Amino acid sequence: MLSLDEWFQTPLGCYLAEREQAHFDREVADIFGFNAVQIGLPQFDFLHTNRMQLRVCTGLKAPAQLRADPIHLPIASQSIDLLAMPHVLEFSDHPHKILREAERVLMPEGHLIITGFNPRSLWGFRRAVDSASDYPWCGDFIALARLKDWLALLGFEIVSGRMCCYAPPANSERWLRPFQFMELAGDRWWAMGGGVYFLHAIKRVHGMHVITPKWHERLAAKKSLAPAAQKILEKNDGTNG
């Protein structure tokens, strides 16, 4: 039986990995902060385009830099700005606990990026008829609507999402190549039929608001004044300074 790591070395696994890497490269590049963590699939660096000072991959085995169970992360609460979870939930017996742990370690306004296999797709159909075989078909594919409900209950807001891998899940380059056109047409013609989905969510904290520096208010006040009054205000600022 193939492991998930071994499956990613097959033609179908490489087809998926290429598209997931491209998505993460775009999605994490402009997320700012100090600490970023990737959970699972340590053979891929899905954070390499991000510019945070600390970027760590955690998993149960090498080459993960931090060995840990995603249900019990040895990470302080509210200390992570970006958390990437590629295909973690569908291969766990406790996906709810993993999401709760993600919510715990993320800072308010922290970013969570999840990838998962879509059960309502050709890939999901293959899993339905072949669930006892190798990875990834032995996983418990989680419906997108269901995952969104879980995230909403934990206080996350979905800010973006998309799908990929519209081609039939044939594990052969000979069969995958003729269906490349489906990747280009999928987002337009059957947007919810991709074999894999991406979700980008932000942890919201009720009652929290962004404190704007006072100089923003002063600048706004200056812009709203007539030219003569604005000159007087700027003169007073120079006198006081």
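Residues numbered from 1 in each chain as written. Predicted model: local features only at pLDDT ≥ 70, side-chain atom pairs only at ≥ 80, totals over all residues. Heavy atoms only, no water.

Let us now look at the sheet that holds strand β4 (residues 80-86). The seven strands lie next to each other as β3-β2-β1-β4-β5-β7-β6, forming an open sheet whose pairing is mixed. This sheet does not close on itself; its edge strands, each paired only once, are β3 (66-67) and β6 (156-164). Here three bridges tie strand β1 (residues 35-39) to β4, and the two strands are oriented parallel to one another. Considered in β4, the bridge of Gln38 is made with Ala84. Across the sheet, helix α3 (residues 95-105) is in contact with β4, β5 (106-117), β6 and β7 (196-203); its angle to β5 comes to roughly 150 degrees. Sitting on the sheet, helix α5 (residues 144-153) touches β5, β6 and β7, and the angle it makes with β7 is about 10 degrees. (Pairing = 2+ DSSP bridges. Helix = DSSP H or I, 4+ residues; strand = E, 2+ residues; numbered from the N terminus. Contact = heavy atoms within 4.5 Å. Axes fitted to C-alpha atoms, helices over the stretch in contact; angles between N-to-C directions.)

What follows deals with the pairing of β7. On a regular strand, each side chain points to the face opposite its neighbour's, so the side chains alternate between the two faces of the sheet. Among the eight residues of β7, eight are classified as buried, and the element is accordingly described as predominantly covered. What you see with β7 is no split at all: Val196, Phe198, His200 and Ile202 on one side and Tyr197, Leu199, Ala201 and Lys203 on the other are buried throughout. Where β5 and β7 come together, seven bridges link them in antiparallel fashion. Across the sheet, the residue bridging to Gly116 is Tyr197, located in β7. With eight bridges joining them, β6 and β7 adopt antiparallel strand pairing. Of the residues in β7, the one forming a bridge with Glu157 is Ile202. (Buried < 20%, exposed > 50% of the residue type's maximum accessible area, 1.4 Å probe, protein only.)

Here we take up the packing of aromatic side chains. Scanning the entire structure with this criterion turns up eleven aromatic pairs. Between the aromatic rings of Trp7 and Phe8, the centroid separation amounts to 5.1 Å while the plane-to-plane angle is 75 degrees, which identifies the pairing as edge-to-face. A single burial state applies to Trp7 and to Phe8, both of which are buried. Ring geometry for Phe117 versus Phe141: centroids 5.1 Å apart, planes at 20 degrees, classification stacked. Separated by 24 residues along the polypeptide, Phe117 in strand β5 and Phe141 in the loop between α4 (122-129) and α5 bring together distant segments of the chain. For the residue pair Phe117 and Phe141, the accessibility class agrees, reading buried in each case. One Lys or Arg, Arg127, reaches over the ring of Phe141 and ends 5.9 Å from the middle of that ring. (Phe/Tyr/Trp six-rings, centres within 6.5 Å; stacked < 30°, edge-to-face > 60°. Lys NZ or Arg CZ within 6 Å of the ring centre and 35° of its normal.)

Our focus in this paragraph is the layout of surface pockets. Approximately 520 Å³ is the volume attributed to the largest pocket. Surrounding the largest pocket, 23 residues form its lining, Leu4, Gly40, Leu41, Leu60 and Phe91 being those nearest its centre. Going through the elements one at a time, α1 (4-7) and β2 (54-59) are the ones with two or more residues in the lining of the largest pocket. (1 Å grid on protein atoms, 1.4 Å probe; cavity = no way out; pocket = protein on both sides within 12 Å on 5 of 7 lines; lining within 4 Å. Points joined across faces, edges and corners; volume = space filled by probe spheres on them.)

In the structure shown here, the tally under the stated rule is seven salt bridges. Between Asp5 and Lys61 there is a salt bridge, with the nearest N and O atoms lying 3.5 Å from each other. On the criterion of sequence distance, the pair formed by Asp5 in helix α1 and Lys61 in the loop between β2 and β3 is long-range, its members being 56 residues apart. Judged by its relative accessible area of 24%, Asp5 is partly exposed. Owing to a relative accessible area of 46%, Lys61 belongs among the partly exposed residues under this scheme. Between Glu101 and Arg104 there is a salt bridge whose closest N-O contact spans 2.8 Å. One end of the pair is Glu101 and the other is Arg104, both in helix α3 and three residues apart, which spans about a single turn. According to the relative accessible area criterion, Arg104 is partly exposed, its value standing at 26%. Linked by salt bridges that have partners in common, Glu109, Glu157 and Arg204 make up one network. (Salt bridge = Lys/Arg side-chain N within 4 Å of Asp/Glu carboxyl O.)

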